[in-house]
Amino acid sequence: MKPVKHVIALDVGGTGMKAALVAADGTLLHEARRATGRERGAEAVVETIQDFAAELLDLGRERFGATASAAGVAVPGIVDAENGIAVYAANLGWRDVPMRELLGRRLGGIPVALGHDVRTGGLAEGRIGAGRGADRFLFVPLGTGIAGAIGIAGRIEAGAHGYAGEIGHIVVRPGGPACGCGQRGCLETLASASAVSRAWAAASGDPEADAADCAKAVESGDERAREVWLAAIGALADGLVTAITLLDPRTLIIGGGLAEAGETLFTPLRTAVEERVTFQRLPHIVPAALGDTAGCLGAGLLAWDLLATEVPA
């Protein structure tokens, strides 16, 4: 069999990891999942990542006749991608983990690229997903929180300090609910999937109700659910118009759990954004296309990009 050149891609979440071997054309040659083991502590999570990557390295040699050319890993929290350090992730309990160094050593010295999970997913959505062909895009996943990825000419703008795109911490309701960042009234306290879940649980009287239940209730004509849903969409539209004003994206890609509601979300959201703009040009507002594979695909793209920019010895 002719050897197949590939890279290792890892997408690390709070409770689980997704991994893949990715060919040069973006084909997923192999996919796997594993729990992070965070209940055993931060060091155990890092060890699990290293073990998982090493298994993929061996599998690639055996199945595809070649050693992985590089590895890309996407992690949550604060990331110093330039220096390869996972700075902080509250849900994983780590601080200042030299991820590039640790993984590179475990993988026999192959190059390792490190990225922020949302920006990495945004890279994939912008380059090979819903934003394909757009020279300027903004990717906003609506999940437990809200973050964003700013796409410019096929690349993600991380900012001077690595914090660019944190749209979830735009204050849209001054004096509103307290946010973990220390502010009040941040977008993610009002329009994330978690925020909608909390609001609908309170309004419905069912502590187990979540955002998906709220969307179903909206579709069935429940007026209480509609009030909760439209309040979240109003806050989301306010935040998005601020982003549109600053960034002028051609395409606005909405992903995450809340986007799974389909047109129950997108129809009123497009209307709300359109009602709020004045001089701004409306971007195309579209659902994300890659689902939960975006992070792995993006990590693979990071690895291939790293190889493309390396200067031969």
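Residues numbered from 1 in each chain as written. Predicted model: local features only at pLDDT ≥ 70, side-chain atom pairs only at ≥ 80, totals over all residues. Heavy atoms only, no water.

Chemist: Got a minute to help me understand a negative patch on the surface in this structure?
Modeler: Among the surface-exposed residues, D206, E208, D210 and D213 lie close enough to one another that they form a single negatively charged patch. With respect to the helices and strands, D213 occurs in helix 6 (residues 211-219). (Patch = residues over 30% accessible without salt bridge, like charges linked within 9 Å, V, L, I, M, F, W, Y side chains within 5 Å. Areas by Shrake-Rupley, 256 points an atom, 1.4 Å probe, with all protein chains shown as cover. Salt bridge = Lys/Arg side-chain N within 4 Å of Asp/Glu carboxyl O. Lys, Arg positive; Asp, Glu negative; His and termini not counted. Charge placed at Lys NZ, Arg CZ, Asp CG, Glu CD. Helix = DSSP H or I, 4+ residues; strand = E, 2+ residues; numbered from the N terminus.)

Chemist: How do you make sense of helix 2 (residues 99-106) when you look at a structure like this?
Modeler: Given 3.6 residues per helical turn, the α-helix brings residues three or four places apart onto the same face. Of the residues making up helix 2, those classed as buried are M99, L102, L103 and G104. Buried residues in helix 2 make contact with strand 1 (6-12), helix 1 (42-64), strand 4 (71-75), strand 6 (85-89), strand 7 (94-97) and strand 8 (112-116). (Buried < 20%, exposed > 50% of the residue type's maximum accessible area, 1.4 Å probe, protein only. Contact = heavy atoms within 4.5 Å.)

Chemist: How should I be thinking about the sheet that holds strand 3 (residues 28-35) in this particular structure?
Modeler: Strand pairs in the sheet, formed through backbone hydrogen bonds, run parallel or antiparallel to each other. A sheet is described by the order of its strands in space; here 5 strands give the open sequence 3-2-1-4-8, paired in mixed fashion. What marks the edges here is a single partner per strand, and that holds for strand 3 and strand 8. Direction aside, neighbouring strands of the sheet carry axes that sit 15 degrees apart on average. Relative to strand 8, strand 4 runs parallel, the two being bridged by 5 bridges. Each residue of the ladder has a partner; that of A74, found in strand 8, is G115. Against the sheet, helix 9 (residues 294-309) touches strand 1, strand 2 (16-23), strand 3, strand 4 and strand 8, its axis set at about 135 degrees to strand 1. (Pairing = 2+ DSSP bridges. Axes fitted to C-alpha atoms, helices over the stretch in contact; angles between N-to-C directions.)

Chemist: Just to check I follow, could you spell out the environment of L236 for this structure?
Modeler: Within the secondary structure, L236 is located in helix 7 (residues 223-247). Among the residues examined, L236 registers a relative accessible area of 1% and is labelled buried. For L236 and G298, which are 62 residues apart along the polypeptide, the C-alpha to C-alpha distance reads 25 Å.

Chemist: I'm lost on the pairing of strand 3 in this one. Help?
Modeler: A regular strand places its side chains on the two faces of the sheet in alternate fashion. Two elements, strand 2 and strand 3, share 7 bridges in a ladder whose sense is antiparallel. Along strand 3, the bridge assignment pairs V22 with L28. In this structure, the hairpin formed by strand 2 and strand 3 is closed by a connection of 4 residues, where G26 is found at a positive phi of approximately 90 degrees.

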